[in-house]
Structure formats: C-alpha cells, structure tokens
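Inside the fold
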Amino acid sequence: MVFASLCGPSAFADSASATGQLTKVDADAGKVTIKHGPIKALDMPDPMTMVYRVKDPAALRALKAGDNVKFDVDHETSGYIVTRIERQ
C-alpha cells in the first residue's frame, strides 16, 4: 500500500548537522543542552539554547559543559534527538 509506505516513521524525520556549545551534560538522563546558531533545515531560524535527547548516552561521557561540539540532530515525531556528537 503506497499510503502506508509514505507515512511511515522515516517520512516524518528531518536531519541536520550543526555546531554549538554545551551548557549542560546529563549522561544519566541521556540529555544534553546545546547553545547553537540557526538550524534552518529543522525550521530553527534563530540562535537558541535547547535540551536534546541523545541516541547514545555513552557518547556524552567524554563531554562536559563548555565544550564546543559538532552534532547531527533528527526531528522525529517524538521530538528532536541527537544522533551523533563530537567535541571540536
């Protein structure tokens, strides 16, 4: 059925890469707060500070508040999730 394949979970996901600065890291909760510039691909036209869920919380163990990072973020039906993050 074509309708089902077009409306599956991947039909709603948008992705983007961005850079920013960590203001808080909560590895136990699997969340990170990032201050970043606009991410136009995700309809974020202004700079902001935002809390994101992280796909792999173990990736946060090597990071701390104040680190500059490059990250990939997906917008899914359940919200935003960081799929990759690394210190710059």
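Our subject is the structure listed above.
Residues numbered from 1 in each chain as written. Predicted model: local features only at pLDDT ≥ 70, side-chain atom pairs only at ≥ 80, totals over all residues. Heavy atoms only, no water.

Before going further, it helps to spend a moment on the overall build of the chain. Along its length, the chain carries one helix and five strands. Scanning the chain from its N terminus toward the C terminus, one meets helices and strands in the order α-β-β-β-β-β. Burial statistics for the chain: of 88 residues in total, 33% are counted as buried. A separation threshold of at least 6 residues defines the contact pool for the chain, and within that pool the share at least 24 residues apart is 49%. When the accessible area of the chain is evaluated, it comes to approximately 5600 Å², of which 52% is carbon and sulfur surface. (Helix = DSSP H or I, 4+ residues; strand = E, 2+ residues; numbered from the N terminus. Buried < 20%, exposed > 50% of the residue type's maximum accessible area, 1.4 Å probe, protein only. Contact = heavy atoms within 4.5 Å. Areas by Shrake-Rupley, 256 points an atom, 1.4 Å probe, with all protein chains shown as cover.)

We now examine unusual backbone geometry. A positive phi is found at D43, a non-glycine position, where the angle reads about 60°. Looking at the secondary structure, you find D43 in the loop between strand 2 (31–36) and strand 3 (48–54).

Moving on, we get to the pairing of strand 2. As paired strands, strand 1 (residues 14–26) and strand 2 are joined by six bridges and run antiparallel to one another. Looking at the pairing, D26 lines up with K31 of strand 2. If you look at the hairpin formed by strand 1 and strand 2, you'll find four residues sitting between the two strands, and G30 has a positive phi there, around 70°. Both strand 2 and strand 3 contribute to a ladder of six bridges, which runs antiparallel. Directly across from T33, in strand 3, lies its bridge partner V51. (Pairing = 2+ DSSP bridges.)

All right, on to the packing of aromatic side chains then. Per the counting criterion, the structure on display carries two aromatic pairs. The structure contains a cluster of three or more aromatic residues connected by ring pairs, namely Y52, F71 and Y80. (Phe/Tyr/Trp six-rings, centres within 6.5 Å; stacked < 30°, edge-to-face > 60°.)

Moving on: the nonpolar core. I34, I39, Y52, F71 and I85 are the most contacted members of the largest nonpolar core, which has 19 residues in total. With near-sequence residues (within four places) excluded, F71 lies in contact with A16, S17, A18, T19, G20, I34, H36, I39, V82, R84 and I85. (Core = buried A, V, L, I, M, F, W, Y, C linked by side-chain atoms within 4.5 Å.)

Read around the closed barrel, five strands run 1-2-3-5-4, paired in mixed fashion. With strand direction ignored, the average angle separating the axes of adjacent strands in the sheet is 55°. As paired strands, strand 3 and strand 5 (residues 79–87) are joined by two bridges and run parallel to one another. Counted as the bridge partner of R53 is I81 from strand 5. (Axes fitted to C-alpha atoms, helices over the stretch in contact; angles between N-to-C directions.)

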